[in-house]
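Observations on chain architecture
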Amino acid sequence: MKTVRVWFRKTGAACYISHLDLTHCMARALHRSRIPLWYTQGFNPRAHMVFALPLPLGMEGARESVDIKIEEEQITMEEVQERLIRSLPATLPVIAVTEPKMKPGKIAWASYRLRLEPEQGSVEELAEKLNALLAQPEIPVDKHTKSGMAHFDLKPYLEELSASQEKETLKLSLFLPAGSEKNISPFLLTEALTAQQEAMFFCRSVRTNLYDADRKIFE
Amino acid sequence: MVPGLEKILLKVQKPGRYVGGELNSVIKDKDAVDIRFAFCFPDIYEVGMSHLGMKILYSCLNRMEGVWCERVFAPWTDMEALMRERDIPLYALESGDPVKDFDIIGFTLQYELSYSNVLNMLDLAGVPLLASERRGLSQLVVAGGPCACNPEPLADFVDLFFLGEGEEMDCELVELYRAHKKKGSSREEFLREAAHIPGVYVPSLYEVKYGEDGTIASVTPHSGAPKKVTKRLMLQMDQSFFPKSFVVPYLEIVHDRAVAEVFRGCIRGCRFCQAGFLYRPLREKSVETVNRQCRSLCETTGYDEISLSSLSTSDYSKLNSLLDELLTWTKEEKTGISLPSLRVDNFSTEVMDKISSVRRSGLTFAPEAGTQRLRDVINKNVTEEELMKTVTTAFSGGWSSVKLYFMIGLPTETLDDVAGIAALGQKVVDAFYANPNKKKGKGVSVTLSASGFVPKAFTPFQWEPQDTIEMLHEKQRHLVSSVTTRKIICNYHDADTSFMEAVFARGDRRLGPVLLEAHRLGCKFDGWNDYFSLARWRQAFEACGVSPEFYANRRRSFDEILPWDHLDYGVSKEFFRRECEKAYAASTTPNCREKCSACGAACFQGGICYENR
């Protein structure tokens, strides 16, 4: 038995699949692929699956991963990749299968790219509203956590935010704490922009990568 | 993707319902097809995607050259509000094209309370609701499914109904449509010819007259339509079309598993059960066919659970050999088998051991009535002794929770019969504690679920009045007060919805204006308790001057012309009358395997009627 890390993208309509549904979808794809899997030994045998970090609903993922356990003597990593590509819908393409180097628990940061399309006013006005938000002394936000609502200031986390205009969209890229310790969603920023600066826009978002505490890329 | 759709998807619950793109969904080249068929299920995605009939007909129609069948579901109210706000018309999931541009718009009618959704979906699609207001050949609205057996309440809105099983009939209709589209026929020309396809009922070709007492005086066909329309059915189940794959949804649906049909019809003849009569005669598939179909479905979908579906799966004559055959591969592939409809009287340890060898689900039985007298009235043919034997077997096999289904409001029922439900539940609890091998510290849970009886067309109880809402409430209270232990959980269905179901189950064409008014008042998702409002429905009935009690609570005489008398499902009205009279005498009728009772279904020249007994 050996653990391998399957790297895939979550694109297009697949961004509307919740994390829970993604786990079902992946389990069925594994079953269809007939990859010799290692099953848990309990009363209800299940294939082992660990996703690095769930994506929020509505966000695409450029470099997602799931760890699975295979019976290594029966199959190569290349074959795992080939069979999974055939079993998954086109919106969940497999890009690589590797040996895991880091534990998912080491993940501490994530990078995101957001594209905001104004639904009211021009992109310049939207950019002004963003600047006004960032110029506020603080950006108070609420976040659901396991122990209820947490209230905090988002501003200190936005130091690495960069914004640029491209035609009629405002492109943002940012690094935010991610992982089991502390996880800050970029949607807190877009929600604050709507709530505190009355900006109306449609947002497309992609999580581009995951990193450990030293900003080394998760592998 | 539909224009503007992605901007609203993140504002609604479960956007995965609205995007399509699932594994095994069928995408065709628009320019290479000449018939577009929108298969509409008048409920949400999770409910519709669980429905086997839709899966069969979707694949069956898409097998046809030049025909593209797509799926459409009712958007939940949050999505509907945004679609209306942003002028996004109802669209089909595969192409994203508006339903109003389709040639044929088909609905499956699984329950009466979905009728308001049929109207709402047509409205959301921008299709005129009334058949008389639709011009030209396209936007042909068709409907099938069990409720098509009394389609009269929908006669104003639907161009034609399919009676019975659709595998052949639907394709014949599509071919006829294609020929008429090529010729440039009018809607009327097409409908007149469609009425000659066996099983197709065109309501506009029948004139209904009413007498002074409000009952039907006559139903007269015109323009060459047949006097009686007889249902279609598949006689050779092994040769009948069955899909090799199912569309596999991303989000979890109600029945998220592979479903294999082991037979159609039912041998039992329970007198309340419409399905038991509509699908006669019993026609089984062979073990080889079912096994092959299960295997193919598991391979193409990746499901790790198979449900062996039918009206009463433990009545399958070769159940043990089928399970043996399935277990040769399911065990190794960690695939579970579930039997959704078990009977109390033929549940065996052997079957139990086989299905529990991989995975185990809860046990559910349906004694339907609490006392032997009443079980005889409804011809359930299950004894208390059999129930006790069965639950004892289950308890000694390690099961500790049992769910029992009952009906209240059955013909001839008294409060003692209702109390009998609680008493039966108590005996099941006692059986658990009487089991010597019971594990220490483990409790038992018995759930008694009571639904209100709804008399239906094509059953021996089709003439019966339904209990009034007040009577049903009294019986519900009596049931709850008769339960004396916390080991029994008791739940019952809402009497208001049972009442409305009864109205439409035996309604006639005068309910058309009521439906239209109810739709205007905002009735939709009536099968969902949080959305159903009896007050709103009453308002619609009042506005139209129609009494719902006339349909639900009135005893009909045996010689009354019933709204569905010009439709024929094989079982004769004389048989239903004989069965009704036997019910009053609490006299039972043997099942089809024991003895033929001459119901009339032998007219189809196949199935169990022609097997050696």
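This structure is a prediction, so every number in the text was calculated from the model and none was measured.

This paragraph deals with the sheet that holds strand β17 (residues 445-452) of chain B. Residues and elements named next belong to chain B. Taken together, 4 strands build an open sheet; the order of strands is β15-β16-β17-β18 and the sheet is parallel. Only two strands of the sheet have a single partner each, and these edge strands are β15 (363-368) and β18 (488-492). For this sheet, the mean angle separating the axes of adjacent strands, direction not counted, is 20°. Bridge count for β17 against β18 is 5 bridges, and the pairing is parallel. In the sheet register, S449 faces β18, and the bridge partner there is N491. Lying over the sheet, helix α14 (residues 415-434) contacts β15, β16 (401-408), β17 and β18, oriented at roughly 160° with respect to β17.

With that out of the way, let us pick up the sheet that holds strand β3 (residues 104-108) of chain B. Sheet strands associate in pairs through backbone hydrogen bonding, adopting either a parallel or an antiparallel arrangement. Residues and elements named next belong to chain B. Pairing is mixed in the open sheet, where 6 strands are placed in the order β2-β1-β3-β4-β5-β6. The sheet is open, and its two borders are formed by β2 (67-73) and β6 (200-201), each paired with just one other strand. Pairing of strand β1 (residues 35-41) with β3 involves 4 bridges; the strand directions are parallel. Bridge pairing in β3 places A38 opposite I105.

This paragraph deals with the environment of K380 of chain B. Residue and element names in this part refer to chain B. Within the fold, K380 resides in the loop between α12 (372-377) and α13 (384-396). Overall, K380 belongs to the buried group, with 24 C-beta atoms counted inside 10 Å. When the C-alpha positions of K380 and K244 are compared, they lie 35 Å apart, and in sequence the two are 136 residues distant. Residues contacting K380, with those up to four places away along its chain left out, are C270, P367, E368, A369 and R375.

The next subject is helix α16 (residues 495-505) of chain B. Residues and elements named next belong to chain B. Burial runs high along α16: 11 of the 11 residues are buried. If you check which residues of α16 are buried, you get A495, D496, T497, S498, F499, M500, E501, A502, V503, F504 and A505. The elements touched by buried residues of α16 are α5 (115-125), β17, α15 (469-482), α18 (534-544) and α19 (548-552).

With that out of the way, let us pick up the packing of α14 of chain B against α15 of chain B. Residues and elements named next belong to chain B. Between α14 and α15, whose axes approach to 8 Å, the crossing angle comes to 40°. Viewed along their axes, α14 and α15 adopt a mutual orientation that is oblique. As for the relative orientation of α14 and α15, their crossing is right-handed in sense. In contact with L415, V418, A419, I421 and A422 of α14, α15 contributes K475, H478, L479 and S482. Classifying every residue of the contact of α14 with α15 gives 6 nonpolar, 2 polar and 1 charged.

Criteria and cut-off values
- Residues numbered from 1 in each chain as written.
- Chains lettered and ligands numbered in written order.
- Predicted model: local features only at pLDDT ≥ 70, side-chain atom pairs only at ≥ 80, totals over all residues.
- Pairing = 2+ DSSP bridges.
- Helix = DSSP H or I, 4+ residues; strand = E, 2+ residues; numbered from the N terminus.
- Axes fitted to C-alpha atoms, helices over the stretch in contact; angles between N-to-C directions.
- Contact = placed C-beta atoms within 7 Å.
- Buried ≥ 20, exposed ≤ 12 C-beta atoms within 10 Å, placed from the backbone.
- Parallel < 35°, antiparallel > 145°, perpendicular 65-115°, else oblique.
- Left-handed = near helix turned anticlockwise from the far one by under 90°.
- Nonpolar A, V, L, I, M, F, W, Y, C, P; charged D, E, K, R; others polar.

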